[in-house]
Amino acid sequence: MSTSSRARLGILLSGRGSNFEAIARNVLAGRLDCEIGFVFSNKPNAPGLARARELGLPSGAIDSAGVERTVFDLQVVDLLKSHGVEWVCLAGYMRLLSGRFVSQFPQRILNIHPSLLPAFPGLDAQHQALTHGVKVTGCTLHFVDENLDAGPILLQATVPVLDNDTVESLSSRILVEEHRIYSEAIAWVLKGNYRIEGRRVIKT
Ligand code: GAR
């Protein structure tokens, strides 16, 4: 394990891992003052995990299929803590965290969601936005609690919905903003110049 005092991030993903890669690029280029301590997936074949291996980052998976949620979560917590992880970044991690997990990293778990929460939580947020007919959507970077896509909001970015948008075109424009605000939020929380009042995250 590294002896440096830089904050250590754990990144949790279930799929493609483009948000992870955007964060990793900024860390590896020295634009974010932290280290990636571990990249974890609940899907052993997740493309994001293969990318972590290519980048030479410590990574691993535990298949979540058929494992009781709290038991699984405590295995993941042990793995993250054994790699010195202090901050957890959910990056397309398609599982609800149990209270037992959340309480191990109090106000130190971040998530990105592809809508302007509290609109369109859960799966297929971009499809939900198109179906609902909203003219503006976007993405939300928030602290995680044990509820789905909830927790105090750090940053949001808006994206217009165009008349000829498909789920794919809208998702790819939102993704550009996701990649941008995730690293911005990490830089902010690592500096520590904020306080949380109820649901509000206030710059100090
Ligand atoms: C991203 O759009 C992220 O916002 C979304 O999954 C995608 C993962 O992409 N997350 C959620 O919907 C969480 N509720 P990525 O694997 O390329 O980062």
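Notes on the structure in this doc start here. (Residues numbered from 1 in each chain as written. Predicted model: local features only at pLDDT ≥ 70, side-chain atom pairs only at ≥ 80, totals over all residues. Heavy atoms only, no water.)

## As for the state of the cysteines
Let me state the cut-off plainly: Cysteine sulfur atoms that come within 2.5 Å of each other are treated as a disulfide pair. Between buried and exposed lies partly exposed: a residue is buried under 20% and exposed over 50% of the maximum accessible area for its type, with that area taken using a 1.4 Å probe on protein chains only.
Under the definition given, this model contains zero disulfides. Left unpaired, Cys-139 is separated from the closest cysteine sulfur, that of Cys-89, by 15 Å. The buried category is assigned to Cys-139, whose relative accessible area is 0%.

## Quick word on the packing of aromatic side chains
Defined as follows: Each Phe, Tyr or Trp ring (for Trp, its six-membered ring) is paired with any other whose centre lies within 6.5 Å, and the angle between the two planes then decides the class: stacked below 30 degrees, edge-to-face above 60, tilted in between. The way it works is that DSSP assigns letters per residue, a run of H or I at least four long becomes a helix, a run of E at least two long becomes a strand, and they are numbered from the N terminus. A ring is scored as having a charge over it whenever the NZ atom of a lysine or the CZ atom of an arginine sits within 6 Å of its centre and within 35 degrees of its normal.
Summed over all chains, the structure comprises five aromatic pairs. Between Phe-40 and Phe-72, the ring centres sit 6.1 Å apart and the planes meet at 55°, which makes this aromatic pair tilted. In this pair, Phe-40 is assigned in strand E2 (residues 34-41) and Phe-72 in helix H3 (residues 69-82), connecting sequence segments 32 residues apart. On the basis of relative accessible area, Phe-40 is assigned to the buried category, the value being 0%. Judged by its relative accessible area of 0%, Phe-72 is buried. Ring geometry for Phe-143 versus Tyr-194: centroids 5.9 Å apart, planes at 35°, classification tilted. Highlighted residues: Phe-143 in strand E6 (residues 136-143) and Tyr-194 in strand E8 (residues 194-197), separated in sequence by 51 residues. In terms of burial, Phe-143 and Tyr-194 fall into one category: buried. Pairwise contacts between aromatic rings join Phe-40, Phe-72 and Tyr-93 into one cluster. Positioned over the ring face of Phe-105 is Lys-81, at 4.9 Å from the centre of the ring. If you follow Lys-203 out to its NZ or CZ, it ends over the ring of Trp-188, 4.6 Å from the centre.

## Brief notes about the site of the ligand
For clarity, the cut-off: Any residue with a heavy atom positioned within 4 Å of a molecule or strand is treated as near that molecule or strand. Residues adjacent in sequence count toward polar contacts only when both atoms are side-chain atoms; beyond that, a polar contact is any pair of N or O atoms within 3.5 Å, and within protein one must be able to donate a hydrogen and the other to accept it. The Shrake-Rupley method, run with a 1.4 Å probe sphere, supplies the accessible areas, and residue values consider only the shown protein chains as cover. All amino acids are sorted into three groups, where Ala, Val, Leu, Ile, Met, Phe, Trp, Tyr, Cys and Pro are nonpolar, Asp, Glu, Lys and Arg are charged, and the leftover types, Gly among them, are polar.
Surveying the vicinity of the ligand reveals the residues Arg-16, Gly-17, Ser-18, Asn-19, Gly-92, Met-94, Ile-112, His-113, Pro-114, Asp-149 and Glu-178. A distance of 3.0 Å separates a nitrogen atom of the ligand from a polar atom in the side chain of His-113. Within the side chain of Glu-178, one N or O atom sits 2.8 Å away from an oxygen atom of the ligand. Alone, the ligand offers 450 Å² of accessible surface; in the complex the protein occludes 89% of this. The class makeup of the residues in the shell around the ligand is three nonpolar, five polar and three charged.

## Some remarks on unusual backbone geometry
Between Leu-117 and Pro-118 the backbone carries a cis peptide bond, its omega angle lying at 15°. Tracing the chain through its elements places Pro-118 in the loop between strand E5 (109-113) and helix H5 (125-132). Backbone geometry at Gln-107 places phi at a positive 50°, although glycine is not the residue there. With respect to the element layout, Gln-107 can be found in the loop between helix H4 (99-102) and E5. We note that Asp-124 has phi near 55°; this positive angle belongs to a residue other than glycine. Among the structural elements, Asp-124 can be located in the loop between E5 and H5. Under the relative-accessibility criterion, Asp-124 is labelled exposed at 55%.

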